[in-house]
Every structure is written in C-alpha cells, then in structure tokens.
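Descriptive structure summary
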Amino acid sequence: MLIVQKFGGTSVGDLERIQNVANRVSETKKKGNDVVVVVSAMSGETNKLVGYAEYFSKNPARAEMDMLLSSGERVTASLLSIALQEMGHDAVAMTGRNAGILTDSSHTKARIEDINPNAIYKAVKEGKIIVVAGFQGVNEAGIVTTLGRGGSDLSAVAIAGAIQADLCEIFTDVSGIYTTDPRIEPKAKKLNAISYDEMLELASLGAKVLQNRSVEMAKKLNVNLVTRSSFSNEEGTLITKEENIMEAPLVSGIALDRNQARISLMGVKDKPGIASDIFNKLADAEVNIDVIIQNKAHDGMTNIDFTVPVSELHDAKKIVDTFVQSGDIADDSYNEDICKVSVVGVGMKSHVGVAAKAFSTMAKNNININMIATSEIKISMVVDEKYAELAVRGLHDAYELDK
Ligand code: ADP
Ligand code: ASP
Ligand code: MG
C-alpha cells in the first residue's frame, strides 16, 4: 500500500516523541508499504514564533509571517528524517516546495493550486521514506506560503490525493473524532465513522481536530481518511462518504468555536446595494464572514450584526471604518467575548424538533442566545464566551450523545 501518515504537533512535541514517530513509520515501512510522512511543527512552536513577531508588530506583514512560521515544520521534518536514517532507512526530508506544492499568494492562508508529485514519486520508486514539512507551499514566484493554522492536515490530504495514496492517516493526541471535544466533555464518545459533510461542518465550526479545508479536499479527491492516536494502537475514526455509513445518528456532534468576534453596525443607511458593498469589500480583504443578522429598518436605518474570526477582526475594522467615515454607517461596536456552539448531524435533514431542543437546552441553562444560523445539517448559536463549556455539555446531554 501507499500510505500518507501525518503527525501533529503533540505527536512530535519533543525529541523522544519524534523517535516514537520514527518507530511507527519504520514499522509501517517494514510491513512492505510505501510511506510519505507529513509533519507539523513541535507543539507550541508556531505560537511561539507568532509571539516573537508580535513583540515587534501588532500587524506584521503576512509574507514575513510565512517565512517565519514555515520554519517550525522544517525542523521536525529534518529531525524525523535523521532519526529514520539512523534506524537504517533511506529517508529524505522535503519542504513544501521540494514536494511540489504550488499555492496562490494569499499569505498565511494560501490555497493549494496544484501539486507536482514527481519528486515524491521518484523518491518512492527509489524506496525512500519521504518526510514532508507540512503547512507550507510556494507561490508562482517561488515565495514560501503557509496554508492556515492547522494546515499540515491539508498538506497530508492534498499529497494523498495527488499521489493517489491508498490511505491517509492523521495521527494526533486523541484516538479519533469524538461527539464533542473530549477535553470539554469527558463523556464524549469516539465515532467509528463520520461523513465528509458532517466532519466538514464540525471542523468549520471549531472542532480543530481536523483543519476544515483538509476535509473539503478529502471529500473532493475522495481520500480515505482516518484519524487516530499516535500514542496507542486503538482504531481511529474513518471519514468517508455518507452512503458508506450504516447508521447515521440524528446528531453526530457538538462543536465549539471560541475564536469568533461579533461586529455590530448601527444606523446603516437602508438603501439597495449597501450590504453588497460592505460584504464585497470584506470579501476582497479576505475576511471570512459567518453568522449575519440584519434587523428590520426604522426611519431609513437598519442594524447589521455579523461574526468574523478574531484573527481577521483587524482587517474587518479597517473596512468598517471607511463606511463610518463616509456616513453610510452611524456607529460600530465589537465584541470578542463571544463563542459559537453548533449542533451537527445529517439526521437533521429528515427530523423535526432538533433546533427546538437546542434552544430549550440554552433556556434550561439560562444562556441567552445572541445569534442563530442554520443549514440543512447544523444549528449554530452565538452565546457569551463565559457559557461556552456549559452550552457544549448541556447540548451533549440533551441529544444523549454519551449513550
Ligand atoms: P494536532 O496537533 O495533532 O494537529 P490538534 O490540537 O490540532 O492536533 O487537534 C486535536 C485536538 O482537537 C484534540 O486534542 C481535541 O482537544 C480537539 N478536538 C476538538 N473537537 C474534537 C472532536 N470532536 N473530537 C476529537 N478531538 C477534538
Ligand atoms: N504548525 C501549524 C499550526 O500550529 C500547522 C499545523 O500544526 O498543522 O497551525
Ligand atoms: Mg491540528
């Protein structure tokens, strides 16, 4: 088999753990498989580098950030390759560029445009174990880019797709996908399998166990994806097509996103094209908008509230300011002390009462819901940050996910 194995930050958190990873990779190789490994930076390393940059600037240039942050993954890739060589394997470490990962120029959240797998193919043919530094690629000009936080998952899935690997294993510090973050709710249950669509919702809504774009890519390229623990041999969770899942539960999981901020625009001139104007400018600045609420207009004025990732608040503010200056918006305010809790499940498509249960759970716990958004398979509620864990546990209980 041709297998891609990705190891996250905790799994390569210190030198002993890197040796553990080398042992596991070695075993896989000795069983007769071809292995391409993708590694993250050692845990905490990327944040440390971000902190270094923030010492000098509140808003450092994104191209410089990519140069800086991409270094973390190169450290682990080379160390793992050295460890494997020491064990007698023919191993080679590659940067994103060496592995043929071409991206657009959207620094710190670049999209993969193409993968040229020739270098990987060649090394596989020579019997080598390839160790790729995750989270990075290069743009057309050869300048290094990174793929967004958690982006090593995307590197692994994209490579697995490009080389048509038989399996892509994501090794992390939990033994699979749980009904909710097991760190918040110890009663959370591990799922044997989950559909791409549900996983995509969970990941997009804050379950950082997989980066959302990696799930999108896995679905698009039909990659056989398994999430499992690098610290045990326990079976993990298969992420697959909905039709491969025997018994789809009504609700599969609860996600929590603490990294959201709410922007309130007060006294927005109620005229055709204003919302389009504001949100187009935000889109041009690559700000990701999530839940949007617009109130009914009064005296030619309306209020619009929406949420953005905290990391994009700075860019969003700059744009909102231009509308305040031009007089199209009377006033604006910002709140970072919010979070978004979401209930996800394909079973919702065919059942009523799922949303009602979510709302009454909030009521029972005395939690005020600030905003609501729904889709076919999810219900999201924006609540005050201080209720985050209470809300998650309440919902986990209400849908009996521990059963
Ligand atoms: P890695 O460094 O391996 O990429 P991450 O820290 O990015 O690992 O993701 C793993 C973490 O995701 C777990 O430690 C867990 O706290 C969190 N998590 C959030 N939601 C879930 C979920 N539904 N199932 C499993 N883990 C989850
Ligand atoms: N090291 C990067 C991060 O911390 C990428 C990754 O770990 O997937 O976001
Ligand atoms: Mg991760």
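Above this text you will find the structure in question.
The model shown is predicted, which means the values in this text are computed figures rather than measured ones.

Taken together, Ser40, Thr46, Glu73, Phe135, Arg149, Gly150, Gly151 and Ser152 make up the full set of residues adjacent to ligand 2. Residue Gly151 places a main-chain N or O atom 3.3 Å away from an oxygen atom belonging to ligand 2. Considering ligand 2 on its own, with 260 Å² of exposed area, one finds that the protein chains cover 86% of that surface. Residues of the shell around ligand 2, tallied by class, amount to 1 nonpolar, 5 polar and 2 charged.

For the rest of this paragraph, the subject is the site of ligand 1. By nearness alone, 17 residues border ligand 1, and Thr172, Asp173, Tyr178, Asp181 and Arg183 come closest of all. A distance of 2.6 Å is found between an oxygen atom of ligand 1 and a side-chain nitrogen or oxygen belonging to Arg183. Protein contact buries 90% of the 580 Å² of open area that ligand 1 shows by itself. Of the residues belonging to the shell around ligand 1, the class tally is 7 nonpolar, 5 polar and 5 charged.

Time to look at the environment of His351. Inspection of the secondary structure puts His351 in the loop between strand S18 (338-344) and helix H10 (354-364). Note on His351: relative accessible area 46%, which makes it partly exposed. For the pair His351 and Leu250, spaced 101 residues apart in sequence, the C-alpha to C-alpha distance is 7.7 Å. Within the structure, His351 has its side chain in polar contact with the side chain of Ser350 (distance 3.5 Å).

By the criterion of burial, strand S11 (residues 225-229) is predominantly enclosed, with 5 of the 5 residues buried. The side-chain alternation of S11 yields two buried faces, one formed by Leu225, Thr227 and Ser229 and the other by Val226 and Arg228. In the sheet, strand S9 (residues 167-172) pairs with S11 via 5 bridges, with the strands oriented parallel. Its bridge partner lying in S11, Ile170 is registered against Thr227. One ladder, built from 3 bridges, connects S11 with strand S12 (residues 237-240); its direction is antiparallel. Bridged to Val226 within S12 is Leu238.

This part takes up the sheet that holds strand S10 (residues 193-195). Ordered in space as S3-S6-S2-S1-S9-S11-S12-S10, the 8 strands form an open sheet in which the pairing is mixed. Strand pairing shows two members of the sheet lacking a second neighbour, strand S3 (91-94) and S10, which therefore form its edges. Averaged over all pairs of adjacent strands, the angle between strand axes in this sheet comes to 20 degrees, irrespective of strand direction. Sheet analysis places strand S2 (residues 34-39) next to strand S6 (residues 129-133), joined by 4 bridges and oriented parallel. Residue pairing for S6: Val36 is matched across the bridge by Ile130. Lying over the sheet, helix H4 (residues 118-125) contacts S2, S3 and S6, oriented at roughly 170 degrees with respect to S3. Those strands touched by helix H6 (residues 196-204) are S10 and S12, and its axis lies near 85 degrees from that of S10.

What follows covers the sheet that holds strand S13 (residues 253-257). If you trace the 4 strands from one edge of the open sheet to the other, you get S13-S18-S20-S19, paired in antiparallel fashion. Two strands bound the open sheet, and with one partner strand each, they are S13 and strand S19 (371-375). In this sheet, neighbouring strand axes are inclined to one another by 20 degrees on average, regardless of whether the strands run parallel or antiparallel. Note: S18 against strand S20 (residues 378-384), 7 bridges, orientation antiparallel. Bridge pairing in S20 places Val343 opposite Ile379. Contacting S13, S18 and S20, helix H11 (residues 388-398) runs over the sheet at an angle of about 10 degrees to S18.

Reading guide: rules and limits
Residues numbered from 1 in each chain as written. Chains lettered and ligands numbered in written order. Predicted model: local features only at pLDDT ≥ 70, side-chain atom pairs only at ≥ 80, totals over all residues. Heavy atoms only, no water. Near = heavy atom within 4 Å. Polar contact = N/O pair within 3.5 Å; in protein donor to acceptor, adjacent residues only side chain to side chain. Areas by Shrake-Rupley, 256 points an atom, 1.4 Å probe, with all protein chains shown as cover. Nonpolar A, V, L, I, M, F, W, Y, C, P; charged D, E, K, R; others polar. Helix = DSSP H or I, 4+ residues; strand = E, 2+ residues; numbered from the N terminus. Buried < 20%, exposed > 50% of the residue type's maximum accessible area, 1.4 Å probe, protein only. Pairing = 2+ DSSP bridges. Axes fitted to C-alpha atoms, helices over the stretch in contact; angles between N-to-C directions. Contact = heavy atoms within 4.5 Å.

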